[in-house]
Amino acid sequence: MRNAFLDELLALAAEDPSVMLLTGDLGFMVLEPFAERFPERFYNVGVAEQNMVGLATGLAEAGFRPFVYSIATFATLRPYEFIRNGPALHDLPVRVVGVGGGFDYAHNGVTHHALEDLAVMRAQPRMAVIAPADPGQARSAIRTAHALPGPVYFRIGKGPSAVPGLDDRFDLGRLEIVREGGDVALIATGAIASETIEAARLLARHGIEATVAICASLAPAPLDDIAALLERVPVAVTHEAAYVNGGLGSLVSEVVAEQGLPVRVTRCAVREMPSGATGSAGWLQERYGISAKAVAGAVEAALDQAATRA
Amino acid sequence: MRVVRSQALAAQIRLSVLQQSKRAHIGHIGSSLSIADLLAVLVDEGGLELDRGPVRADRDRFVLAKGHAVLAWYCALHAVGRLSAEQLDTFAGDGTDLAGHPEHVLDDVDFCTGSLGHGLSIGTGAALAARLQGSARRVVVLLSDAECNEGSVWEAIMFAAQHGLDNLTAIVDLNGQQALGYTSEVLDLSDMAGRWRAFGWDAVEVDGHDCDAIKAALDAPREGRPRVLVAHTTFGKGVDYMQSRIEWHYMPMDDTQYAAALEQVS
């Protein structure tokens, strides 16, 4: 996804001379094509994420569209107040690009696991928060969001896996349905969506048919689409590579509560701080309850509970 | 002649700072008084070009990184007729555009500041933008000395030096005080100029209350490096009982104190 995103950024930069790329000294074997083609619009600012966002604020006020690039934790958490008081407060077109959501950085350990980026960025009014599910959607998202006059956060996965049925679709403030089924709605955001699809396959083997919706546009939030989707199912399960509070599960629960929808919501997300043992992304997803198997299990438990209550 | 005018502007800024602080019953008086002369030079003719041609984007940028002293900026704008007396009287009131830290809803505030350590990064980005756009506009960032406690200030210092941004000027208001104590006792930043110089800046030490010296330091030819004016100032300058007294970082004045202060700056 990362390379697709950068390819599309290269194309945008060729069309729009205001596009700049700033990196906090990360992006080896990824950013070189941009640096070579547009050296005057590429800055490695050094290991200095706060200054990177401050610079982008000054550049954007003067008419540039700077993309600031780092690993998702460093791109969002270290300079968070600079993002708040800079692009968010001034409503400027700075694009914060955080690479590696959830457990993408696997063996690198917990400092590199972006588990609250979605929640904290979603807390900022004006901030568009976009977590594409696969490379094709990442391309569409960067292009669609380019017209936005205010700030955008992109959470970009590292992997190449495509979500079947997504077909490069992306719309601001919309859900994209990639699978239809009447028993349960699965809603996913970001690259973990490939696991969500796998969970739907596992469920189908047990005779449970799931609708799978991709929520790449966490803000602006697809409030109407979520409500419309949840009107037709008894159980909804959200799935994200993030802490359980503040992200997609919270968003969906907010819609359900505020609109009084008669649906039970189960949130598949990380519920404890990962510490101690680490491993591959797959191993971590399993351990913290966000693997395909864990999601399928959560769906079955939620359906059982719903049936017991009914 | 021009310097005489700057001095008169500075006197007017000090008077307005006292009047508005008293009316609104708020503090940050000492921090505002210490930068009155610096701001007078910046808003005087030959200082910042706040209206360069018909396009707003072409004007010089000013970042008051030490946003807590914004009352002095409002008073400076008022002194040169860019802010009406009526507007100034809304300072710190309900629904005002004149907050206790600068907000860009006001025409002559380019950037919201108030959280220390942000301003120099933003100003450095603004200077880089001007250079990339081939614009002659300049960027001035006014920092407090204690603000240099913030690591992000040094990130910006390194970047500006690395890229030789000589359209960027930082001014450090070296008044030696911070909220809870003297800077030398909190985090000692003595030889401030030497510190910036070691990071690649053209550092000039000036008397921050000498308009002539300030002006000369701003205008001296550049040689491909950003410049910092380390402005030696007196906290609470102009009011004897406030000068170099920690409590005047936050304290408002009572009636007796106000009368005494007015007498001294008038």
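First, a word on what this report is: a plain description of the structure on this page. (Residues numbered from 1 in each chain as written. Chains lettered and ligands numbered in written order. Predicted model: local features only at pLDDT ≥ 70, side-chain atom pairs only at ≥ 80, totals over all residues.)

What follows is about the overall build of chain B. For chain B, the helix and strand inventory stands at 11 helices and seven strands. Against the globule reference of 18 Å for 266 residues, chain B gives a C-alpha radius of gyration of 17 Å, in line with a compact fold. On the principal axes, the C-alpha backbone points of chain B span a range of 50 × 45 × 40 Å. In chain B, which comprises 266 residues, the proportion classed as buried is 53%. (Helix = DSSP H or I, 4+ residues; strand = E, 2+ residues; numbered from the N terminus. Rg over C-alpha atoms; globule rule 2.2 N^0.38 Å. Buried ≥ 20, exposed ≤ 12 C-beta atoms within 10 Å, placed from the backbone.)

Glancing now at the interface of chain A and chain B. Each partner contributes to the interface: chain A provides 21 residues, whereas chain B provides 22 residues. Top contributing element to the side of chain A that touches chain B by residue count: helix H3 (residues 49–61) of chain A, with nine residues. The residue makeup of the side of chain A that touches chain B, split by class, is nine nonpolar, 10 polar and two charged. (Contact = placed C-beta atoms within 7 Å. Nonpolar A, V, L, I, M, F, W, Y, C, P; charged D, E, K, R; others polar.)

Looking now at the sheet that holds strand S7 (residues 227–232) of chain B. Residues and elements named next belong to chain B. Read across the sheet, five strands follow the order S1-S2-S3-S7-S6 without closing on themselves; strand pairing throughout is parallel. Every other strand in the sheet has two partners, leaving strand S1 (61–64) and strand S6 (202–207) as the edge strands with one partner each. Taken over all neighbouring pairs, the strand axes of this sheet differ in orientation by 20° on average, direction set aside. As paired strands, S1 and strand S2 (residues 139–144) are joined by four bridges and run parallel to one another. Paired with valine 63 across the two strands is valine 141, which belongs to S2. (Pairing = 2+ DSSP bridges. Axes fitted to C-alpha atoms, helices over the stretch in contact; angles between N-to-C directions.)

All names here are of chain A. Strand order in the open sheet made by the five strands is S7-S9-S8-S11-S12, with mixed pairing throughout. Every other strand in the sheet has two partners, leaving strand S7 (176–179) and strand S12 (264–270) as the edge strands with one partner each. The sheet shows a mean angle of 25° between the axes of neighbouring strands, direction not considered.

This part covers the pairing of strand S6 (residues 152–156) of chain A. All names here are of chain A. Counting buried residues along S6, five of its five residues qualify, which places the element largely inside the surrounding structure. Judged by which residues are buried, S6 turns out to be covered on both faces: Val152, Phe154 and Ile156 on one side and Tyr153 and Arg155 on the other are all buried. Pairing between strand S5 (residues 128–130) and S6: three bridges, direction parallel. Paired with isoleucine 130 across the two strands is phenylalanine 154, which belongs to S6.

Next up on the list: helix H10 (residues 248–259) of chain A. Every α-helix carries 3.6 residues per turn, so stepping three or four residues along brings you back to the same face. Residue and element names in this part refer to chain A. Compared with the 16 Å implied by 1.5 Å per residue over 12 residues, the 17 Å span of H10 between its first and last C-alpha is a close match. Listed as buried for H10 are Leu248, Gly249, Ser250, Leu251, Val252 and Val255. On the buried face of H10, the contacting elements are strand S8 (184–188), strand S10 (217–219), helix H9 (223–230), strand S11 (235–243) and S12. (Expected span 1.5 Å × (residues − 1).)

Look at any regular strand and the pattern is simple: side chains alternate between the two faces of the sheet. Residue and element names in this part refer to chain A. The buried fraction of S11 is high, at nine of nine residues. In the sheet, S8 pairs with S11 via four bridges, with the strands oriented parallel. Among the inter-strand pairings, leucine 186 is bridged to a residue of S11, identified as valine 237. Where S11 meets S12, six bridges bridge the pair, whose relative direction is parallel.

This part covers the packing of helix H6 (residues 119–132) of chain B against helix H7 (residues 151–162) of chain B. All names here are of chain B. Remark: H6 packs on H7, axes separated minimally by 8 Å, with the N-to-C direction vectors making an angle of 20°. By the angle between their directions, the pair H6 and H7 is classed as roughly parallel. Taken as a pair, H6 and H7 cross one another with a handedness that is left-handed. Across the interface between the two elements, Leu120, Ser121, Thr124 and Ala127 of H6 pack against Ser152, Val153, Glu155, Ala156, Phe159 and Ala160 of H7. (Parallel < 35°, antiparallel > 145°, perpendicular 65-115°, else oblique. Left-handed = near helix turned anticlockwise from the far one by under 90°.)

Attention now moves to the environment of B:Gln20. Residues and elements named next belong to chain B. Structurally, the position occupied by glutamine 20 is in helix H1 (residues 2–24). On a C-alpha basis, the gap between glutamine 20 and valine 141 in space is 24 Å, while along the polypeptide they are 121 residues apart. Not counting the four nearest positions on each side in its chain, glutamine 20 is found in contact with Leu71, Cys75, Leu88 and Phe91.

Ranked by size, the top nonpolar core spans 198 residues in total, and within it A:Leu22, A:Val68, A:Ile214, B:Ile13, B:Leu39 and B:Ala72 carry the most contacts. At nine residues, helix H4 (residues 70–79) of chain B tops the list of elements feeding residues into this core. Setting aside its immediate chain neighbours within four residues, A:Leu22 contacts A:Tyr43, A:Val45, A:Met52, A:Leu55, A:Ala56, A:Pro66, A:Phe67, A:Val68 and A:Tyr69. (Core = buried A, V, L, I, M, F, W, Y, C linked by C-beta atoms within 7 Å.)

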